[in-house]
There are 2 protein chains.
Amino acid sequence: MPLTYSPPIRDMQFVLHEWLGVTKHLQQLPRYAEFDQDTFNAVLEEAGKFASEVLAPTNSVGDLQGCQLDRTNHSVTTPDGFKEAYAQYVEAGWPALACEPEYGGQGLPFVINQCVFEMLNSANQAWTMYPGLSHGAYEALHAHGSDSLKALYLPKLTSGQWTGTMCLTEPHCGTDLGLLRTKAEPQADGSYALTGNKIFISAGEHDMAENIVHLVLARLPDAPAGSKGISLFVVSKFKLDANGELGERNPIFCTGLEHKMGIHGNATAQLTLDGAIGHLVGEPHKGLMAMFVMMNGARLGVGNQSLGLTEIAFQNALAYAKERLQMRSLSGPKAPELPADPIIVHPDVRHQLMSAKAYAEGGRMLGSYCGLLLDQAHHSADAEQRQQALSQLALLTPVVKAFLTDNGLSATIGCQQVFGGHGYIQETGMEQLVRDARINLIYEGTNAVQALDLLGRKVLGDQGKALTAFGKQIGAWGKEHSQEPKLIEFLLPLQNLGERLTELTQALGGKAMRNPDEVGVAAVDYLRIVGHLTFGWLWAQAAQVALAAIADGKTDPIYPAKLETAKFYFTRLMPEVETAFKRLQANANTVLKTSHALA
Amino acid sequence: MPLTYSPPIRDMQFVLHEWLGVTKHLQQLPRYAEFDQDTFNAVLEEAGKFASEVLAPTNSVGDLQGCQLDRTNHSVTTPDGFKEAYAQYVEAGWPALACEPEYGGQGLPFVINQCVFEMLNSANQAWTMYPGLSHGAYEALHAHGSDSLKALYLPKLTSGQWTGTMCLTEPHCGTDLGLLRTKAEPQADGSYALTGNKIFISAGEHDMAENIVHLVLARLPDAPAGSKGISLFVVSKFKLDANGELGERNPIFCTGLEHKMGIHGNATAQLTLDGAIGHLVGEPHKGLMAMFVMMNGARLGVGNQSLGLTEIAFQNALAYAKERLQMRSLSGPKAPELPADPIIVHPDVRHQLMSAKAYAEGGRMLGSYCGLLLDQAHHSADAEQRQQALSQLALLTPVVKAFLTDNGLSATIGCQQVFGGHGYIQETGMEQLVRDARINLIYEGTNAVQALDLLGRKVLGDQGKALTAFGKQIGAWGKEHSQEPKLIEFLLPLQNLGERLTELTQALGGKAMRNPDEVGVAAVDYLRIVGHLTFGWLWAQAAQVALAAIADGKTDPIYPAKLETAKFYFTRLMPEVETAFKRLQANANTVLKTSHALA
């Protein structure tokens with residue numbers, strides 16, 4: 001019994017149309033003025049078919065087979081079916097979905113692309129990383145590449161003929177890229193010869209596309225030490241002539257593949273650059289800034305990976321819980337005609353299922369909301385709207401990355417638990433979801449790094465401006481709906497949490513001035529609180545939309561389901577903040593002054 | 001860089017001698033009157049050497065190779081080194097450690113055996129399950145077997161020549177053993193022929209010992225339906241003659257091995273019984289009761305597995321955190337002579353490490369405390385002490401099983417996180433610890449089943465007597481030390497938590513009478529609160545012992561380390577109860593009335 005997957009199209013429509021009203025917002029942006037809701041729905045339907053029918057069947061195979069490196073020629077073979085699925089993906093034009101029309105793209109909104117990628121991630125996270133990294137390479141070249149580099153690379157990334165990578169990590173540096181050592185020597189023709197060793201390069205080598213476009217961080221000979229001496233280069237697996245035709249092999253070779261806990265289907269490559277020819281992207285020594293264009297997108301993408309895993313874990317655990325018979329309900333048999341009750345009658349099973357559902361659907365709201373912000377940040381004609389969208393996106397990006405991936409790990413573990421011993425064996429597929437979900441808390445900046453980014457940079461570093469603006473937005477929404485009696489059970493705790501967060505932020509600002517380590521002690525708990533404020537606002541809105549629909553006489557069962565899930569969220573998940581607040585009241589020295597214990 | 005392991009002998013001595021004073025308590029029991037502290041220490045030293053030098057090197061190999069089934073003859077080959085390590089284990093007499101002298105055992109206390117098994121589990125949980133299950137089989141036969149069965153089986157289980165299993169689960173029943181179908185037909189000679197299919201049988205088939213003693217649940221022909229119609233049988237892999245000599249193969253065959261998330265080195269067997277000859281253990285139809293002798297011991301053993309994993313995860317994460325250089329401390333460079341600071345300067349890294357340490361050392365206190373209770377329950381000359389020990393053990397068993405395994409999963413995940421991307425690859429060994437730790441929340445009764453056992457049976461089912469007695473013990477200890485000013489920071493929150501738990505228990509008693517499902521909604525949070533009350537008491541005692549030692553002028557750095565860890569525990573881990581209490585205030589319907597959401 002492998003995993004099954006039904007694309008959550010109905011819920012996406014709830015989120016995109018009934019709640020966000022994306023079509024109206026998107027049509028205000030010149031670029032998207034011509035798109036309508038039917039187009040979006042048709043895209044989602046088609047993408048759902050590809051995800052469930054073509055991609056999902058490759059997921060377990062990919063996990064069992066992994067990727068194989070042939071050391072004689074440095075080639076990597078992906079698992080059975082990966083190449084064929086990618087060919088279909090390219091054939092159908094999916095890589096071009098959200099790319100610019102001038103490079104052959106279809107120019108669809110990011111918010112729709114976000115939903116498409118959620119479904120791909122549900123079906124096969126390891127596979128989806130191959131095209132996912134192409135998007136990062138596309139964004140970096142698009143934002144910082146010269147016109148000639150763009151002309152050379154973007155059409156092929158758009159078509160999917162080529163895929164991309166991000167080459168940051170080296171054996172001695174992950175978070176701390178200032179330590180990196182890969183060297184770039186200027187050549188007479190304006191190119192650079194890159195030499196060094198990169199590790200943990202996702203999709204770093206494979207047989208799915210004819211060429212790979214590596215975006216590589218390296219140091220120029222005159223580079224200052226540390227993070228201000230890093231430049232960004234584009235290095236093509238095969239050298240290109242002026243027309244972009246593939247020439248001889250560029251010496252950027254896969255010299256090893258990692259054996260990992262999960263995402264086995266993705267090739268996590270050690271790459272050795274031995275005088276590989278590359279071209280500078282953007283300004284010398286400003287590579288880290290340029291790379292952050294990729295990183296921010298990648299962080300939203302990682303949150304989306306965990307959203308996809310949470311959704312498929314929920315679907316399968318729900319189906320199992322309705323089918324598996326074991327014990328009787330404590331309040332008496334619920335299926336007396338059967339030898340035992342289906343385990344969904346047991347409250348802890350319901351708790352696990354509802355947690356996954358609330359995290360999946362809340363994550364979908366947040367991911368879509370950020371997708372729309374991205375569209376507005378890039379394409380609004382109004383500079384102020386662009387600025388506001390960028391600012392809120394900066395605030396929410398670490399929340400999406402860390403909150404959704406924390407939730408995804410706990411949800412996949414909870415859904416695995418629903419299966420009992422059957423969840424621990426490969427056959428049901430649930431344990432793979434946990435192993436795959438685990439990486440999402442680590443890569444693209446560990447969740448602790450996200451928390452420092454949020455509290456240190458995005459909140460305190462900005463004197464709380466972006467957070468205050470977000471708080472006002474939540475407050476204004478609450479005020480708008482304050483006369484709806486059935487919303488009170490959501491509005492009051494939301495308001496209360498907002499007030500506690502404001503107080504906490506002020507207190508932390510003061511503490512941080514006296515001792516910067518206070519930020520480090522507080523950051524992870526702080527991010528969980530901001531995450532719950534955000535989800536609380538989202539779930540309150542879902543409840544509001546559902547109540548209005550019910551009042552309108554709509555009978556779709558999604559509305560009472562949303563109300564139940566909102567109630568569950570507020571009473572069973574949001575209370576996590578109580579632990580966080582309690583810890584934050586404690587003296588930071590109980591973490592910092594532990595030199596004997598950690599001797 | 002594989003995992004390293006140093007047996008935590010110093011901490012065991014702190015727990016056993018400085019805190020518990022086990023020698024004094026044990027010498028009051030006639031059976032252990034002759035043992036002294038030096039003997040115990042020598043046993044721990046030797047066991048530590050076996051664990052770290054012989055067993056630990058087999059752990060990663062076991063994970064990579066797993067077990068292999070030869071379907072032509074139903075034989076199972078264990079990973080390289082497993083058989084040899086077991087031969088050394090038997091040669092050194094370890095299987096006999098806590099067995100009765102009358103069957104060749106050394107008759108050492110359970111509390112010492114508990115510490116020995118912690119070290120084995122740290123070194124290789126999958127391997128340790130083979131001898132671990134022998135203990136369960138020994139206990140069941142010892143408690144319920146006829147004299148002739150005991151004479152036949154116990155000496156060989158004691159010597160380790162044979163190993164044991166527990167055959168409970170079938171494809172359609174895990175928690176709900178009342179559904180089991182394996183049949184036992186009486187034979188003319190007083191034996192039974194057993195037919196059926198068992199799954200998930202740990203250590204169910206292997207090449208490490210010459211024979212396997214299966215304890216099998218099955219139904220007699222006249223058995224009533226459900227859990228009151230289950231009997232316990234002993235089925236030897238090879239038929240035995242009257243002298244216990246091995247004869248022909250008994251038809252209990254391994255027909256499949258599960259592919260699992262972890263514990264790959266342990267053979268998780270599907271066993272087909274095809275008229276296998278067995279003998280009744282205990283009374284007909286009372287097999288479930290008899291099996292609970294094994295299950296209770298097994299539940300303590302599962303907690304001990306996670307304790308072992310938590311300890312080794314902590315040790316390796318601590319070493320890595322001191323060595324890995326990445327970024328600077330937020331409060332300025334701590335190792336300016338190096339290119340970056342060791343990551344142990346970062347507060348979140350300290351938080352992860354301290355969490356694992358507090359859970360490991362607290363778990364060691366609880367495990368040892370329960371080991372001593374087991375000794376007293378079995379061997380006290382005083383009937384009242386026996387009864388008190390049994391009653392407290394019944395209360396604490398689900399706490400040990402669920403609280404220690406929950407903590408073990410979060411601690412291994414946290415320690416893996418310290419390694420960043422390097423924690424996700426097999427090479428460092430950290431991801432194996434997470435995968436191995438995961439099963440402990442599932443088998444021997446899922447943690448939700450433990451929670452129902454605690455709240456439903458051990459607390460409410462007993463009108464709170466055992467819990468009240470435990471609370472009084474904690475209160476009396478607090479009173480005894482109430483004049484020690486440096487203990488106030490621990491005594492006050494402990495007292496407060498005790499009072500809140502009392503109120504909560506009374507409230508839940510009332511709710512449960514009105515609606516039994518309230519127990520199911522509350523149970524998991526309730527267990528976490530009881531676990532924290534227990535750990536709070538233990539850590540307060542550790543602090544008290546440490547403060548007294550410091551006041552005595554002792555300079556061993558373990559004492560300030562204990563104090564720091566106690567402070568960390570109270571301010572950073574115990575606050576988890578705030579979330580639990582908040583949830584428990586909510587209406588149970590937010591879990592129960594979710595029929596649309598879970599449609």
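Keep in mind the model is a prediction, meaning the values are calculated, not measured.

The rules we used
Residues numbered from 1 in each chain as written. Chains lettered and ligands numbered in written order. Predicted model: local features only at pLDDT ≥ 70, side-chain atom pairs only at ≥ 80, totals over all residues. Heavy atoms only, no water. Helix = DSSP H or I, 4+ residues; strand = E, 2+ residues; numbered from the N terminus. Rg over C-alpha atoms; globule rule 2.2 N^0.38 Å. Buried < 20%, exposed > 50% of the residue type's maximum accessible area, 1.4 Å probe, protein only. Contact = heavy atoms within 4.5 Å. Areas by Shrake-Rupley, 256 points an atom, 1.4 Å probe, with all protein chains shown as cover. Lys, Arg positive; Asp, Glu negative; His and termini not counted. Charge placed at Lys NZ, Arg CZ, Asp CG, Glu CD. Core = buried A, V, L, I, M, F, W, Y, C linked by side-chain atoms within 4.5 Å. Pairing = 2+ DSSP bridges. Least-squares fit on C-alpha atoms with pLDDT ≥ 70 in both. Buried area = accessible area lost by both parts, 1.4 Å probe. Salt bridge = Lys/Arg side-chain N within 4 Å of Asp/Glu carboxyl O. Nonpolar A, V, L, I, M, F, W, Y, C, P; charged D, E, K, R; others polar. UniProt positions renumbered as here; feature names shortened; annotations may be inferred. Axes fitted to C-alpha atoms, helices over the stretch in contact; angles between N-to-C directions. Parallel < 35°, antiparallel > 145°, perpendicular 65-115°, else oblique. Left-handed = near helix turned anticlockwise from the far one by under 90°. Phe/Tyr/Trp six-rings, centres within 6.5 Å; stacked < 30°, edge-to-face > 60°. Lys NZ or Arg CZ within 6 Å of the ring centre and 35° of its normal.

Draft legend 1. Structural detail: the overall build of chain A. When helices and strands are tallied, chain A shows 18 helices and 11 strands. A globule of 599 residues ought to have a C-alpha radius of gyration of about 25 Å, and chain A, at 24 Å, matches this closely. In chain A, buried positions account for 63% of the 599 residues. Sequence separation of 24 or more characterises 73% of the internal contacts of chain A that already satisfy a separation of 6 or more. Within the structure as shown, chain A displays about 21,200 Å² of accessible surface, and the carbon and sulfur contribution to it stands at 54%. Placing the 47 positive and 61 negative side-chain charges of chain A at their respective mean positions leaves the two points 7 Å apart.

Draft legend 2. Spotlight on the nonpolar core. Grouped together as the largest cluster of nonpolar side chains are 416 residues, with contacts concentrated most on A:Leu353, A:Tyr526, B:Leu353 and B:Tyr526. Residues in contact with B:Leu353, not counting those within four places in the same chain, are A:Leu598, B:Phe314, B:Ala317, B:Leu318, B:Ala321, B:Ile344 and B:Val418.

Draft legend 3. Highlighting the pairing of strand β6 (residues 211–218) of chain B. All names here are of chain B. Most of β6 is tucked away: eight of the eight residues are buried. Residues of β6 alternate between two faces, with Asn211, Val213, Leu215 and Leu217 on one and Ile212, His214, Val216 and Ala218 on the opposite face, all of them buried. As paired elements, strand β3 (residues 162–167) and β6 share six bridges and run parallel to each other. Across the sheet, residue Thr163 finds its bridge partner in β6, namely Ile212. Here β6 runs beside strand β7 (residues 231–236); their pairing, made up of six bridges, is antiparallel. Each residue of the ladder has a partner; that of Val213, found in β7, is Ser236.

Draft legend 4. View of the relation of the copies chain A and chain B. Between the two copies, chain A and chain B, the superposition gives an RMSD of 0.0 Å; the rotation angle is 180° and the shift along the axis is 0.0 Å. Look at the turn and shift together and you get a two-fold axis relating the two. The overlap is high: 100% of the interface residues of chain A also sit at the interface in chain B, so the same surface is used on both sides.

Draft legend 5. Broad picture of the interface of chain A and chain B. Listed as interface residues are 92 residues of chain A and, on the opposing side, 93 residues of chain B. Buried surface at the junction of chain A and chain B, both sides included, amounts to about 7,700 Å², of which 61% is carbon and sulfur. Summed over the three residues of chain A that lose the most area to chain B, namely A:Tyr424, A:Arg572 and A:Leu598, the buried surface amounts to 12% of that side. The tally of links from chain A across to chain B stands at zero salt bridges. Its residues placed into classes, the side of chain A that touches chain B shows 44 nonpolar, 27 polar and 21 charged.

Draft legend 6. Focus on the UniProt feature "domain: Acyl-CoA oxidase/dehydrogenase middle" (unreviewed entry) in chain A. In the UniProt entry, the feature "domain: Acyl-CoA oxidase/dehydrogenase middle" (unreviewed entry) is given for residues 166–274 of chain A. This span, residues 166–274 of chain A, is 0% helix and 47% strand, and a straight line between its end C-alpha atoms measures 18 Å.

Draft legend 7. Broad picture of the packing of helix α14 (residues 488–514) of chain A against helix α16 (residues 558–573) of chain A. Residues and elements named next belong to chain A. Viewed as axis vectors pointing N to C, α14 and α16 meet at an angle of 30°, and their least axial separation amounts to 11 Å. Here α14 is positioned roughly parallel relative to α16, judged by the angle of their axes. Considering how the two elements wind past one another, α14 and α16 form a crossing that is left-handed. Judged by residue contacts, Glu489, Phe490, Pro493 and Leu494 of α14 engage Leu563, Ala566, Lys567 and Phe570 from α16. Along the lines of polarity and charge, the residues of the contact of α14 with α16 split into six nonpolar, no polar and two charged.

Draft legend 8. Fine view of the environment of B:Ala96. Residues and elements named next belong to chain B. With respect to the helices, strands and loops of the structure, Ala96 is situated in the loop between α5 (82–91) and α6 (110–144). Along the backbone, Ala96 and Gly107 are 11 residues apart, and their C-alpha atoms lie at a distance of 7.7 Å. With near-sequence residues (within four places) excluded, Ala96 lies in contact with Gly104, Gly105, Gln106, Gly107 and Thr158.

Draft legend 9. Geometry of the packing of aromatic side chains. Scanning all chains against the criterion turns up 40 aromatic pairs over all chains. For the ring pair B:Tyr153 and B:Trp162, a centre distance of 5.9 Å and an interplane angle of 70° mean the geometry is edge-to-face. Among the aromatic residues, ring-to-ring pairing joins A:Tyr359, A:Phe403, A:Phe490, A:Phe535, A:Tyr569 and A:Phe570 into one connected group. In this structure, A:Arg249 packs its charged tip against the face of A:Phe238, placed 5.8 Å from the ring centre.

Draft legend 10. Expanded view of the packing of helix α15 (residues 517–551) of chain A against α16(A). Residues and elements named next belong to chain A. Where α15 meets α16, the closest approach of the two axes is 8 Å, and the angle between their N-to-C directions is 150°. When the axes of α15 and α16 are compared, the pair comes out roughly antiparallel. In this structure, α15 meets α16 at a crossing whose hand is left-handed. Taking contact as the criterion, the partners of His532, Phe535, Gly536, Trp539, Ala540, Ala542, Ala543, Ala546, Leu547, Ala549 and Ile550 in α15 are, on α16, Tyr559, Pro560, Lys562, Leu563, Thr565, Ala566, Tyr569, Phe570 and Leu573. In the contact of α15 with α16, the residues fall into 16 nonpolar, three polar and one charged.

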